[in-house]
Amino acid sequence: MKKPLLVMASALLVLVTVMTGCTKSNEGSPPPTNNPPKTNEQPNEPPKENTEDKWVLGEKPLQFSAYAHYQDTDFPKWESTPIGKYLSEEKQVKIDMIKAAGAHTQKLSAMMASDDLPDMIWTDRDHPDMDRLEKAGKLVPYDDYLNKYTNLKTWMGDDLNLLRSADGKLYRFPNWYSSRPFGNAGYAVNKKIYEELGSPKLETTDDLYNYLVKVKEKYGDQVVPFEPHRAQERQGLGVLYTAFGEGASYTNLNANLLAVPKDGKLTSLLTDPVFREAQKYISKLYREKLISQDAFNQTEDQVKEKVMTGRVAVYASANPTLFASEAHKELTKTDPNAGYFMIWPIRKEGLDKNKIYPGTYTSFGWNAAYITTAAEDPEAIFAFLDWYTGPEGMNVQFFGPEGKNWKGFDEEGKPNFTENYDPKEVAEIQTKNDKVMFVGNTSYIDPAKWKYMESLPVEEQDWVARYQQTITWPSQLNVTEFTGLNPPTDSEEGIIRTSVDELFLEIYAKSSMAASDEEVDKILDQGNKDLMDLGYDRLLEWRTVKWQENLAKMQK
């Protein structure tokens with residue numbers, strides 16, 4: 001997921017468009033800067049704030065340059081966004097957006113070569129270009145600012161230590177970090193087909209198989225029984241893998257891990273009994289044509305077309321809500337019995353349903369903001385980002401300036417929505433602000449947006465929001481401990497990693513389409529040997545060391 005803002009926005013946008021109510025308690029109360037909601041995941045007490053010589057938003061002008069280091073992604077003009085216009089006019093904050101017009105690799109390389117860097121760079125959390133800038137001494141560490149501007153430290157907690165570099169310093173300001181579960185992986189079921197087949201139990205892998213057989217018997221080639229999205233990206237087949245083991249993780253299949261933890265070590269995925277059992281189940285579905293036969297080469301548009309037209313019985317994906325919610329809305333316009341609903345994750349008979357996790361999340365989201373030594377006043381930029389990620393900053397980004405759609409905070413630190421709340425305006429605000437949400441705070445904004453939604457009748461609640469609260473968020477696994485396990489691309493382990501992932505995808509596809517259980521074992525046995533010949537064992541050893549270092553940091 002290279003551009004998580006777009007992914008997050010798809011889930012977040014729908015939440016704000018339906019809020020139509022108001023509450024007025026505690027209007028005008030100050031923003032709860034150091035008052036995160038109490039959750040089981042909240043790691044620690046808010047740090048003591050150092051108020052000496054603090055930069056305060058609006059007291060004096062702040063102007064800096066920013067660059068989005070993503071191919072085909074440029075920040076929009078600051079004043080063209082609602083948040084940018086407001087902060088520019090009311091708080092003296094101006095950001096000069098540097099554009100690359102698609103030539104991002106060349107643009108940053110040129111800026112690095114000429115030592116003419118932007119003040120802030122927003123890119124992947126572990127981008128190799130940032131590693132090079134760090135080694136060259138061109139990034140500003142944030143350590144001196146954390147107790148002076150405390151939103152990031154408060155809302156992120158101790159997991160912030162996992163973002164520290166090898167020198168022990170913090171250079172990354174994470175985006176869409178969270179101390180709460182989030183994510184949308186799971187299963188969406190075609191409501192009309194399900195009811196026409198008698199609404200059978202869909203809880204176990206046996207239930208699913210029997211249901212898919214009935215779908216094929218009744219609808220033939222007109223309906224795809226099981227749509228696994230894009231299998232070459234591990235998508236729906238990876239979701240199905242998690243049904244065969246308590247605690248089995250979608251991340252185990254990811255190129256950034258490709259391993260199974262066992263007795264304190266990261267071991268080969270291909271020798272894992274859970275993975276093998278899952279592949280035998282998957283190959284059975286495939287050879288009986290219960291799975292999309294072009295799962296490994298279809299495009300996003302082809303998947304979407306099938307889901308949107310209702311030609312899918314069960315749809316599994318890392319984010320089925322994206323297409324299923326849109327399809328549900330369109331299909332129910334003409335047929336109220338059509339559409340999709342989500343089910344609790346499928347599990348093998350005998351396993352604890354509450355220990356099955358079709359998706360994963362990490363505490364610190366995906367990308368990050370870096371401040372370079374080119375910045376004239378790096379502390380002011382960090383202070384701005386810290387305000388931006390706090391309760392007041394997040395509310396202004398999502399609901400507009402205080403006063404119209406929201407005013408003050410309740411006793412839990414959530415915004416009070418006013419009687420003037422305009423859902424269309426709020427939706428437009430979020431859409432236009434989406435590309436400049438540099439340091440989103442999932443821990444705060446998700447409960448804030450759900451505050452009113454939960455008071456609505458089920459039929460009036462947003463489709464995505466309802467299933468996030470009841471199914472997807474409770475069934476996502478925290479895999480923060482497995483982050484940062486990618487070796488440098490130019491190292492021996494980094495070269496091994498690239499070769500191993502390429503070969504694994506070939507093995508994964510072949511075993512998924514195997515003609516028998518025996519052939520699955522044969523393919524995986526040979527595949528494991530071939531991976532080891534490439535240095536897979538060395539990569540596993542390297543990652544084990546890094547994983548254990550992560551665990552040690554998390555226990556501090």
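Residues numbered from 1 in each chain as written. Predicted model: local features only at pLDDT ≥ 70, side-chain atom pairs only at ≥ 80, totals over all residues. Heavy atoms only, no water.

Draft legend 1. Quick peek at the overall build of the protein chain. Across its full length, the protein chain holds 19 helices and 15 strands. Every one of the 556 residues in the protein chain was classed for burial, and the buried ones make up 56%. Sequence-distant contacts in the protein chain: of pairs separated by 6 or more residues, those separated by 24 or more amount to 77%. As displayed, the protein chain has an accessible area near 23300 Å², and 48% of this comes from carbon and sulfur atoms. (Helix = DSSP H or I, 4+ residues; strand = E, 2+ residues; numbered from the N terminus. Buried < 20%, exposed > 50% of the residue type's maximum accessible area, 1.4 Å probe, protein only. Contact = heavy atoms within 4.5 Å. Areas by Shrake-Rupley, 256 points an atom, 1.4 Å probe, with all protein chains shown as cover.)

Draft legend 2. Quick peek at the side chain of H104. With respect to the helices and strands, the residue H104 is situated in helix α3 (residues 104-113). Exposure remark for H104: the relative accessible area of 1% places this residue in the buried category. Reaching out from H104, the side chain makes a polar contact with the backbone oxygen of Y70 at a distance of 2.8 Å. (Polar contact = N/O pair within 3.5 Å; in protein donor to acceptor, adjacent residues only side chain to side chain.)

Draft legend 3. A look at the sheet that holds strand β9 (residues 312-317). Ordered in space as β6-β9-β5-β10, the four strands form an open sheet in which the pairing is mixed. Edge strands, defined here as strands with exactly one partner in the open sheet, are β6 (224-227) and β10 (340-343). The average undirected angle you get between the axes of adjacent strands in this sheet is 20 degrees. Relative to β10, strand β5 (residues 186-190) is paired through four bridges, and the arrangement is antiparallel. Note that in β10 the partner of N190 across the bridge is Y340. (Pairing = 2+ DSSP bridges. Axes fitted to C-alpha atoms, helices over the stretch in contact; angles between N-to-C directions.)

Draft legend 4. Highlighting the sheet that holds strand β1 (residues 62-68). Pairing is mixed in the open sheet, where five strands are placed in the order β2-β1-β3-β12-β4. For this open sheet the edge positions go to β2 (93-98) and β4 (173-174), each flanked by a neighbour on one side alone.

Draft legend 5. Seen up close, unusual backbone geometry. Positioned with a positive phi, Q92 is a non-glycine residue whose angle comes to about 65 degrees. Along the chain, the position of Q92 falls in the loop between α2 (82-90) and β2. Overall, the relative accessible area of 31% leaves Q92 in the partly exposed class. One non-glycine residue, A101, lies in positive phi territory at about 50 degrees. For A101, the position within the fold is in the loop between β2 and α3. Note on A101: relative accessible area 72%, which makes it exposed.

Draft legend 6. Quick look at the packing of helix α17 (residues 492-512) against helix α18 (residues 517-534). At a minimum axis separation of 10 Å, α17 and α18 run at an interaxial angle of 170 degrees. When the interaxial angle is binned, α17 and α18 end up roughly antiparallel. Together, I496, S499, V500, L503, F504, I507, K510 and S511 of α17 and V520, I523, L524, G527, D530, L531 and L534 of α18 make up the contact between the two elements. Looking at side-chain class alone, the contact of α17 with α18 contains ten nonpolar, three polar and two charged residues. (Parallel < 35°, antiparallel > 145°, perpendicular 65-115°, else oblique. Nonpolar A, V, L, I, M, F, W, Y, C, P; charged D, E, K, R; others polar.)

Draft legend 7. Representation of the pattern of salt bridges in the model. Counted by the stated rule, this structure contains 32 salt bridges. Its salt-bridge partner being R132, residue D129 comes within 2.2 Å of it at the nearest N-O pair. Here the residue D129 and the residue R132 both occupy positions in helix α4 (residues 128-135), the gap between them amounting to three residues, near one helical turn. With relative accessibility at 9%, the residue D129 sits in the buried group. (Salt bridge = Lys/Arg side-chain N within 4 Å of Asp/Glu carboxyl O.)

Draft legend 8. The arrangement of α18 in detail. Counted at 1.5 Å a residue, the expected span for α18 with its 18 residues is 26 Å, and the 26 Å between its end C-alpha atoms agrees. What α18 keeps buried is the set V520, I523, L524, G527, N528 and L531. Along the axis of α18, the buried positions cluster into a sector of 135 degrees, meaning they face one direction only. Seen from the buried face of α18, the exposed residues on the opposite side, beyond 90 degrees, are E518, K522 and D533. Directly beyond the C-terminal end of α18, a positive phi value near 105 degrees is found at G535. (Expected span 1.5 Å × (residues − 1). Arc of directions from axis to C-beta.)

Draft legend 9. How the structure looks around the pairing of β1. β1 sits mainly inside the fold: six of its seven residues count as buried. Crossover β1 to β2 through α2 is right-handed. (Right-handed = clockwise from strand over helix to strand, strands pointing away.)

Draft legend 10. Focus on the packing of aromatic side chains. Counted according to the given criterion, the structure contains 30 aromatic pairs. With a centroid separation of 5.6 Å and 25 degrees between ring planes, the pair formed by F482 and W547 is classed as stacked. You can see F482 sitting in the loop between β15 (476-478) and α17 and its partner W547 sitting in helix α19 (residues 536-554), a full 65 residues away along the chain. W547 shares its class with F482; the two are buried. Put simply, the rings of F64, Y70, F75, W78, W122, F384, W387, Y388 and F438 touch in pairs and so form one group of aromatic residues. Directly above the aromatic system of Y219 lies the positively charged group of K218, at a separation of 5.6 Å from the ring centroid. The ring of Y209 carries K284 above its face, with NZ or CZ at 4.2 Å from the centroid. (Phe/Tyr/Trp six-rings, centres within 6.5 Å; stacked < 30°, edge-to-face > 60°. Lys NZ or Arg CZ within 6 Å of the ring centre and 35° of its normal.)

Draft legend 11. Fine view of helix α10 (residues 300-308). Within α10, burial applies to V303, K306, V307 and M308. Looking at the packing, one finds that the buried side of α10 touches β6, β9, α11 (321-334) and β10. At the exit of α10 stands G310, carrying a positive phi of roughly 75 degrees.

Draft legend 12. Representation of the environment of P273. Tracing the chain through its elements places P273 in helix α9 (residues 273-287). Taking the relative accessible area as the measure of exposure, P273 reaches 59% and is therefore exposed.

Draft legend 13. Structural context of the pairing of strand β12 (residues 367-371). Judged by how many residues are buried, β12 sits mostly within the fold: five of five residues are covered. Of the two faces of β12, the one lined by N367, A369 and I371 and the one lined by A368 and Y370 are each fully buried. When strand β3 (residues 120-124) meets β12, the two strands line up antiparallel, connected through five bridges. Bridging from a neighbouring strand, M120 pairs with I371 of β12. Where β4 meets β12, two bridges bridge the pair, whose relative direction is antiparallel. Pairing of P174 across the sheet is with A368, part of β12.

Shape descriptors only; they carry no functional weight alone.
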